[in-house]
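This is what each chain is made of:
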Amino acid sequence: MGDELRRNQQFSDFWAIVEKSRVTALIVAVNVAMFALLLVTGGADDSINLYRWGAKFGPAIQAGDWYRLISPVFLHAGFFHIAANTFALVLFGPRLEQEFGSTAFFATYIVSGVCGVAASYLVSPVLSVGASGAVFGMVGAYGIYLVRNRREFGGQVNRVILNLIFILGINIVFGLVWPGIDQGAHIGGLIAGAAMAFLVSPRRVVDIEDDFAIFGAPIVRTRFVTASRSNILLAAGAGLLVALVISWWVTNNVVYDAFTMGQYLIFESATS
């Protein structure tokens, strides 16, 4: 009976968090809407259709399609792809949004996604889409937040941190052995999310109330303070600047082979 009540309470607490997570819900809605748009305009597994709607492709970015640094974050190639990323977003997004605040969460998500695309552009020209970089960024941000505040959260947080490391390890190994996984986006998003957490995650503040006259000792209270909007904007600007610098370097220093350029000509002719 006690275990059932505990599970019911945990379920209620989870949905209470979800109901307050408007940015997470908005991101899920945009992803689903874009997936539906892909389905009705040629299919979510069709390379040309994905390219038409903004998939990352090296020669296209090199030719000036800089919007492709952000548009792939909201596109998905197939039902399993969007289901997996949506599950991860619903699992981590509400908690991160509640802890960081909506603005810091949204900034972390977008910076992680864009940096993931930039890293993918750096390591490979192939067509790619998906929110995986942003999702890995959420995991990285949450992990750094827990590590920085593990003393305040108690011993149980170590198990959560180990679980996050295990999840990341499994995904990285899976990405190495399974073809078609955009490992560059995963690693780039993970690093960006972790870096954002250092800058915008809630910080611990200790308040000391001077009460010597009455009780003979001060009252010490610990609370968490979210980052200011100006700090969030500065952190997001720095993260996006890093992505732009990486992309600028690739654009000006990488020469693609004949096969890749041939694909680009096919994509362009089919979508013009």
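Residues numbered from 1 in each chain as written. Predicted model: local features only at pLDDT ≥ 70, side-chain atom pairs only at ≥ 80, totals over all residues. Heavy atoms only, no water.

Novice: Explain helix H12 (residues 229-253) here, please?
Specialist: In this model, H12 (25 residues) spans 36 Å end to end at C-alpha, consistent with the 36 Å of a helix rising 1.5 Å per residue. Residues of H12 that are buried: Ile-232, Ala-235, Ala-236, Gly-239, Ala-243, Ser-247, Val-250 and Thr-251. Buried residues along H12 sit in contact with helix H4 (58-62), helix H6 (102-123) and helix H10 (183-200). (Helix = DSSP H or I, 4+ residues; strand = E, 2+ residues; numbered from the N terminus. Expected span 1.5 Å × (residues − 1). Buried < 20%, exposed > 50% of the residue type's maximum accessible area, 1.4 Å probe, protein only. Contact = heavy atoms within 4.5 Å.)

Novice: Please clarify how the nonpolar core should be interpreted in this entry.
Specialist: Side chains of nonpolar character tend, in soluble globular proteins, to be buried together. Leu-96, Phe-100, Tyr-109, Met-138, Tyr-142 and Val-200 are the most contacted members of the largest nonpolar core, which totals 50 residues. Going through the elements one at a time, helix H2 (22-40), helix H5 (79-100), H6, helix H7 (132-148), helix H9 (157-177), H10 and H12 are the ones with two or more residues in this core. In terms of residue count, the dominant contributor to this core is H6 (11 residues). Not counting chain neighbours up to four residues away, the residues in contact with Tyr-142 comprise Phe-92, Arg-95, Leu-96 and Leu-164. With eight residues, the next largest nonpolar core counts Phe-35, Leu-75, Ile-82 and Val-129 among its residues. (Core = buried A, V, L, I, M, F, W, Y, C linked by side-chain atoms within 4.5 Å.)

Novice: I keep staring at the packing of aromatic side chains and nothing clicks. Help me out?
Specialist: For any pair of aromatic rings, the description rests on two quantities: the centre-to-centre distance and the angle between the ring planes. Under the defined criterion, the tally for this structure stands at seven aromatic pairs. Residues Phe-35 and Phe-79 carry aromatic rings whose centres are separated by 5.1 Å and whose planes lie at 75 degrees to one another, so their mutual orientation is edge-to-face. You can see Phe-35 sitting in helix H2 and its partner Phe-79 sitting in helix H5, a full 44 residues away along the chain. Judged by centre distance (4.9 Å) and plane angle (20 degrees), the ring pair of Tyr-51 and Phe-267 falls under stacked. Placement of the pair is Tyr-51 in helix H3 (residues 47-52) and Phe-267 in helix H13 (residues 258-271), with a sequence separation of 216 residues. With respect to burial, Tyr-51 and Phe-267 carry one shared label: buried. Feature note: the residues Tyr-51, Phe-57 and Phe-267 constitute an aromatic cluster, connected by ring pairs. Just above the ring of Tyr-51 sits the side chain of Arg-68; from NZ or CZ to the centre is 4.0 Å. (Phe/Tyr/Trp six-rings, centres within 6.5 Å; stacked < 30°, edge-to-face > 60°. Lys NZ or Arg CZ within 6 Å of the ring centre and 35° of its normal.)

Novice: Help me understand the side chain of Ser-201, please; the structure alone is not making it clear to me.
Specialist: Summarising the element assignment, Ser-201 is placed in the loop between H10 and strand E1 (203-209). Within the local environment of Ser-201, its side chain forms a polar contact with the backbone oxygen of Ala-197, the two atoms lying 2.5 Å apart. Not counting chain neighbours up to four residues away, the residues in contact with Ser-201 comprise Phe-100, Tyr-145, Arg-148 and Met-196. (Polar contact = N/O pair within 3.5 Å; in protein donor to acceptor, adjacent residues only side chain to side chain.)

Novice: Help me out: how do you make sense of a nonpolar patch on the surface in this one?
Specialist: Residues Trp-66, Leu-122, Val-123, Leu-241, Leu-244, Val-245, Trp-248 and Trp-249 make up a contiguous nonpolar surface patch of about 820 Å² in total accessible area. For the nonpolar patch, the elements supplying multiple residues, two or more each, are H6 and H12. Along the chain, Trp-249 falls in helix H12. On the accessibility criterion, Trp-249 (43% relative accessible area) is partly exposed. (Patch = residues over 30% accessible without salt bridge, like charges linked within 9 Å, V, L, I, M, F, W, Y side chains within 5 Å. Areas by Shrake-Rupley, 256 points an atom, 1.4 Å probe, with all protein chains shown as cover. Salt bridge = Lys/Arg side-chain N within 4 Å of Asp/Glu carboxyl O.)

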